[in-house]
Amino acid sequence: MNSHPTNCPAGRRARVTLAAIVALAACGALSPLAAISTCQNGSCTACAPSIPGSVSTYIADTAFPAGASIPIVFVDPGDGLHHRFVATQEGAILVWNTQTHAFNATPFLDLRNDGAGTGLDKVNFDFSERGLLSMAFDPDYATTGRFWVYYTSRVQASPAIANGDIVVEGYLRSGGNPDVASTTRTLLFHIAHSASNHNGGHLAFGPDGYLYIATGDGGGGCDGNLGINGDGQLTTTLLGKILRIDVRGLAPSPAAAECGLDGANYVVPNDNPYTGGAGCNEVWLRGLRNPFRFSFDRQEGDLFIGDVGQNNWEEFNMRAASTVGTVNFGWPCREGCDNSSTEPSGCLVPGCPVDPGTTCQYPTRGSGFTDPILCHSNPNGWTSAMGGYRYRGSY
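Residues numbered from 1 in each chain as written. Predicted model: local features only at pLDDT ≥ 70, side-chain atom pairs only at ≥ 80, totals over all residues. Heavy atoms only, no water.

Participant: Would you mind showing me how to read the pairing of strand E19 (residues 313–319) here?
Facilitator: Along any regular strand the residues' side chains alternate between the sheet's two faces. Summarising burial for E19: seven of the seven residues are buried, a large majority. Burial along E19 is two-sided: Trp313, Glu315, Asn317 and Arg319 facing one way and Glu314, Phe316 and Met318 facing the other are all buried. Summarising the sheet, strand E18 (residues 303–307) and E19 pair through five bridges and their orientation is antiparallel. Residue Phe304 lies in a different strand from E19, and its bridge partner there is Met318. In textbook terms, the turn of a hairpin is the stretch between consecutive antiparallel strands, and for E18 and E19 this stretch comprises five residues. Pairing of E19 with strand E22 (residues 374–377), which is carried by four bridges, proceeds in the antiparallel orientation. Among the inter-strand pairings, Glu315 is bridged to a residue of E22, identified as Cys375. (Buried < 20%, exposed > 50% of the residue type's maximum accessible area, 1.4 Å probe, protein only. Helix = DSSP H or I, 4+ residues; strand = E, 2+ residues; numbered from the N terminus. Pairing = 2+ DSSP bridges.)

Participant: I keep staring at the pattern of salt bridges and nothing clicks. Help me out?
Facilitator: Scanning all chains against the criterion turns up 16 salt bridges. Residue Arg392 pairs with Asp297 through a salt bridge whose shortest N-O separation is 2.7 Å. Of this pair, Arg392 sits in the segment after strand E23 (388–389) while Asp297 sits in the loop between strand E17 (291–296) and E18, placing them 95 residues apart in sequence. One salt-bridge network, held together by shared partners, links Asp138, Asp140, Arg146 and Arg248. (Salt bridge = Lys/Arg side-chain N within 4 Å of Asp/Glu carboxyl O.)

Participant: Whenever I open this one, the sheet that holds strand E7 (residues 132–137) confuses me. Can you help?
Facilitator: To summarise the sheet geometry, strands pair through backbone hydrogen bonds and adopt either a parallel or an antiparallel arrangement. In spatial order, the strands read E7-E8-E9-E10; together these four strands make up an open sheet with antiparallel pairing. Taken across any chain shown, the strands that pair with only one partner, and hence form the sheet edges, are E7 and strand E10 (186–191). Adjacent strand axes in the sheet meet at a mean angle of 15°, parallel and antiparallel pairs treated alike. (Axes fitted to C-alpha atoms, helices over the stretch in contact; angles between N-to-C directions.)

Participant: For this particular structure, what's the right way to read the state of the cysteines?
Facilitator: Considering all chains together, one arrives at four disulfides under this definition. Note that Cys259 is cross-linked by a disulfide to Cys280, the S-S spacing being 2.1 Å. Here Cys259 and Cys280 share a disulfide; its torsion about the S-S bond, -90°, makes the bridge left-handed. Linking Cys259 in the loop between strand E14 (255–256) and strand E15 (267–268) with Cys280 in the loop between E15 and strand E16 (283–286), this pair joins segments that are 21 residues apart in sequence. Using a relative accessible area of 25% as the deciding quantity, one classes Cys259 as partly exposed. (Disulfide = S-S within 2.5 Å.)

Interpretation note: all reported values are geometric properties and have no functional meaning in isolation.
Written as structure tokens, this is what we have:
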């Protein structure tokens, strides 16, 4: 996608581990933006450094207990205590004791479907793309004890949540033991999502203190071949988007929750691009296929998003902090710096604007779509673009 000769390898699609993160700028991939020309076709070459001899935290795969062995998120809650939290795709949030260098026997929170076990039987885990996919701790967790989780759900009765629906809900640290959470939830919302794939699945607080949420499109392939009416493009659905909501009471004159089913425990910043208009108040960015991980540059505030491609291109997108208004990354009309109708993806794109050519145009094409800042051919070595961080150090 740019003139740099090497590209960092990305992770795998079905099995997600803590190692599936790429440091984009380590290969110079984000600098300079003016050098962007076309997506890369060549096979990946090794460019990431080897694991250093000593790391602050290392957890061997043999340390994970049976039934909670697929780590999906690692979090330091910032409370100054000798613990870290590891969410597993199966649905258990484990407590890593930094003094004993072992997991506590009791999970911090157990949302697993484990029959007669201790789990709350909430998470639909299918050994593929469903499961507990993310968690985020309040920036003031040390005093509030609040954190949020994102998972694909089993059938729930109150409120009515269907199998596979996306659920975002909050919990509190227990009052008596900082290594155990209360099992009483605060439901933010759920989103209908019957397909097993394209669940998105990331939560993170931005520099502004708001909660950002990545959701995949409706699943299947090519966003249902609906083109301009696919989930990625419609502003009236929460799928295929980055959402931005306020769960901390920060927004002045906030807007109401609008499109999240059962949404009642959050408000929306009034400067979200569709607040008060025809689209969902919660929508911040659109045109995404399956954004699994995103991150904010701590120095500049720029947002970087890994978006899993169809059959042609894996892509990394950027919304600069200086951007005014929303950004549309083009899916399902676009894939990488090409039309998604190009084989082997071969998506139907009814209603999509004519956008010829495969030359990347950043930040915005004539059609109004924003091209990725880095993309790589799926048939030529990349299986899935997961996510990454901007890195300014040496290696």
